[in-house]
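Listed below are the residues making up each chain.
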Amino acid sequence: MTGAKRKKKSVLWGKMHTPHCEDIKQWCKRRLPILEWAPQYNLRENLLPDTVSGVMLAVQQVTQGLSFAILSSVHPVFGLYGSLFPAIIYAVFGMGRHVATGTFALTSLISANAVERLVPQSSRNITMQSNSSVLGLSDFELQRIGVAAAVSFLGGVIQMVMFVLQLGSATFLLTEPVISAMTTGAATHVVTSQVKYLLGIKMPYISGPLGFFYIYAYVFENIKSVQLEALLLSLLSIVVLVLVKELNEQFKSKIKVVLPVDLVLIIAASFACYCTNMESTYGLEVVGHIPNGIPAPRAPPMSSLSAVLTEAFGVALVGYVASLALAQGSAKKFKYSVDDNQELLAHGLSNVIPSFFFCIPSAAAMGRTAGLYSTGAKTQVACLISCIFVLMVIYAIGPLLYWLPMCVLASIIVVGLKGMLIQFRDLKKYWNVDKIDWGIWISTYIFTICFAANVGLLFGVVCTIAIVLGRFPRAKTISITNMKEMDFKVKTEMHEETLQQIKIISINNPLVFLNAKKFNADLMKIILKENDSSQPLDDVSKCEQNTLLSSLSNGNCNEEASQPCPGEKCSLVLDCSGLTFFDYTGVSTLVDLYLDCKSRSVDMFLASCTGKGVSSAPTERVLSAAPCALTSPVPSCSILGKSNDILRRSRH
């Protein structure tokens, strides 16, 4: 190779592989959405509503952080950390303007299984020594948060791997009935987990298959041990929360700022408990000591990753599905777009990075999103402002929450799940539209409450795929509205004109392994009827159901439709304008059809092969260029689209 050629080749290689500045800029904006919206932020219009929403969101983050940390079987202070770091990271990488990532009931419930299995309550007496280097917490508490952080870390890694593999597009398998049933069942689990606090009952941790029923069986067996003070305080808290939130919702158009009833209730309950010394007098369980400050980052225990793999997959899938549903709902409501794969990256990083700061698994929550809606939040700035107030709680206000009764905290959790629990109303909609969707909802819900949220989600997806596989190939694949054969002059490669009778059929759906066999069978029926002059005409009119193929001719069924053409050449034209794609089975089916048609002296043509993949090089190697084509306009036959479309005839 000469020096000039070598130099020229190196220059071309450099041009091919040197990224342009504009490309890098676009990539950064795509992967860091904050670079897109932050420069366009309108301080005058958006700062005030975002600030108000941020304050209200901080109240939710603090209460839910404390609650869901306890739900995750770790010390409450770790829930405050889980309300801070994930929210900051999602504001940078996420695209949902009304999505506040933080602690989440479903992911907390899943991670609690790993915590209780690997660091059970019975091991507390073995690890009672305090470790003053980490907020003065005991080794037992640190071991527990270590397991929860490992679940968060591995779950985030799984989400990031899904992002690399571009699996965000696979969310089409997660249908609305499946997501609705799964979240409703998981919310039922969360309510069940709070029953012991609402009633003031001391009970062991119960999980596993049918654990939902074992919990209620234990409650009824120990009904006499219900603490009356806790029950009354729980009922009072629930009534106040529901009543005030309903009033806020009803009069939100008339009042500028809604009443933060959660915050008011926490302050009032903590103050009343402190003044009356309920912890000692009535034995009421309280949150307890909450250390202030944030410890130095520490890597999750990598030795625990293999032991928490099942819970990590549950956190990755359930957290992403629930969060994506909220992001897509927000985007639809406020007319902007959300990239499914970018959300995978945002939530993956929101789990991986905070796991180094003693955080439990995170995701978006319906209650927080609804709160941002109601308070008029405009952008992700509301989440960043809420983080400032969460920091204030961590460094200053946290220790004052010592006297907060656990039954009040449980009441806040239960009322906050109202949005998920009222999804039972969707059953009427599914029943009216499609009873199969109704059945999927019911079965997914049952599997969720009997086993777990991730099991219910997996069952719902498998059930949906199975039903599609069952319905798709068994559907009627052809509908022929028979027409009187029309005569066309066909110009062949030999420049000879012959008179032919043509029947035209349109393919309106993909041709894949699911329906290829049925497609072949139904089309062969037409071909056999064309060549069998003795076949009764009435049989042709049986094909009136249209799902895959439909004749687009303007004629009606009549007795002249099935007349053979013994003295003339017959042709079958398949209009592929609706054939968006097909797999190898579909290609093989078309080749087999061509061979069958050829053996029966029927020419088969493919028209309007414009679908993606239909006109690609690999396909054309199978369906080679036709030796015969219609080149003249066909004005009386509008189904071919453009009058100059080339008709290819398949040949092996």
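None of the values given here were measured: they were computed from a predicted structure.

Conventions used here
Residues numbered from 1 in each chain as written. Predicted model: local features only at pLDDT ≥ 70, side-chain atom pairs only at ≥ 80, totals over all residues. Heavy atoms only, no water. Salt bridge = Lys/Arg side-chain N within 4 Å of Asp/Glu carboxyl O. Helix = DSSP H or I, 4+ residues; strand = E, 2+ residues; numbered from the N terminus. Buried < 20%, exposed > 50% of the residue type's maximum accessible area, 1.4 Å probe, protein only. Phe/Tyr/Trp six-rings, centres within 6.5 Å; stacked < 30°, edge-to-face > 60°. Expected span 1.5 Å × (residues − 1). Contact = heavy atoms within 4.5 Å. Polar contact = N/O pair within 3.5 Å; in protein donor to acceptor, adjacent residues only side chain to side chain.

**Here's the deal with the pattern of salt bridges**
No. 1: Applying the stated rule across the entire model yields six salt bridges.
No. 2: The salt bridge partner of Arg117 is Glu311, with a shortest N-O separation of 2.6 Å. Linking Arg117 in helix H7 (residues 105-118) with Glu311 in helix H15 (residues 309-334), this pair joins segments that are 194 residues apart in sequence.
No. 3: Residue classification places Glu311 among the buried residues on the basis of a relative accessible area of 8%.
No. 4: With a shortest N-O distance of 3.9 Å, Glu285 and Lys202 are connected by a salt bridge.

**Considerations on the packing of aromatic side chains**
No. 1: Enumeration according to the criterion identifies 15 aromatic pairs in this entry.
No. 2: Here Phe85 and Phe357 contribute two aromatic rings whose centre-to-centre distance is 4.4 Å and whose plane-to-plane angle is 20°, an arrangement assigned as stacked. Here Phe85, found in helix H6 (residues 85-93), pairs with Phe357, found in the loop between helix H16 (340-352) and strand S4 (362-364); they are 272 residues apart in sequence, far enough to count as distant.
No. 3: Summarising the aromatic geometry, the rings of Phe212 and Tyr216 are spaced 5.2 Å apart at their centres and angled 70° between planes, so their arrangement reads as edge-to-face. Taken as a pair, Phe212 and Tyr216 lie in helix H11 (residues 211-221) at a separation of four residues, close to a single helical turn.
No. 4: In this structure Tyr216 comes out as partly exposed when scored by relative accessible area, which is 26%.
No. 5: These aromatic residues form a ring-pair network of at least three members: Phe78, Tyr81 and Phe358.

**Thoughts on H15**
No. 1: Over its 26 residues, H15 extends 37 Å from the first C-alpha to the last, a length consistent with the 38 Å expected when each residue adds 1.5 Å.
No. 2: Positive phi shows up at Lys335, right after H15, with a value of about 60°.

**Notes on helix H22 (residues 435-450)**
No. 1: Along its 16 residues, H22 runs 22 Å from first to last C-alpha, staying within 8% of the 22 Å computed at 1.5 Å per residue.
No. 2: For H22, every residue scored as buried is listed here: Ile440, Trp441, Ser443, Thr444, Tyr445, Thr448, Ile449 and Cys450.
No. 3: Elements that come into contact with the buried residues of H22 comprise helix H9 (176-193), H11, helix H21 (426-433) and helix H23 (453-471).
No. 4: Capping the start of H22, Asp434 holds a side-chain oxygen 3.1 Å from the backbone nitrogen of Ile436, two or three residues further along.

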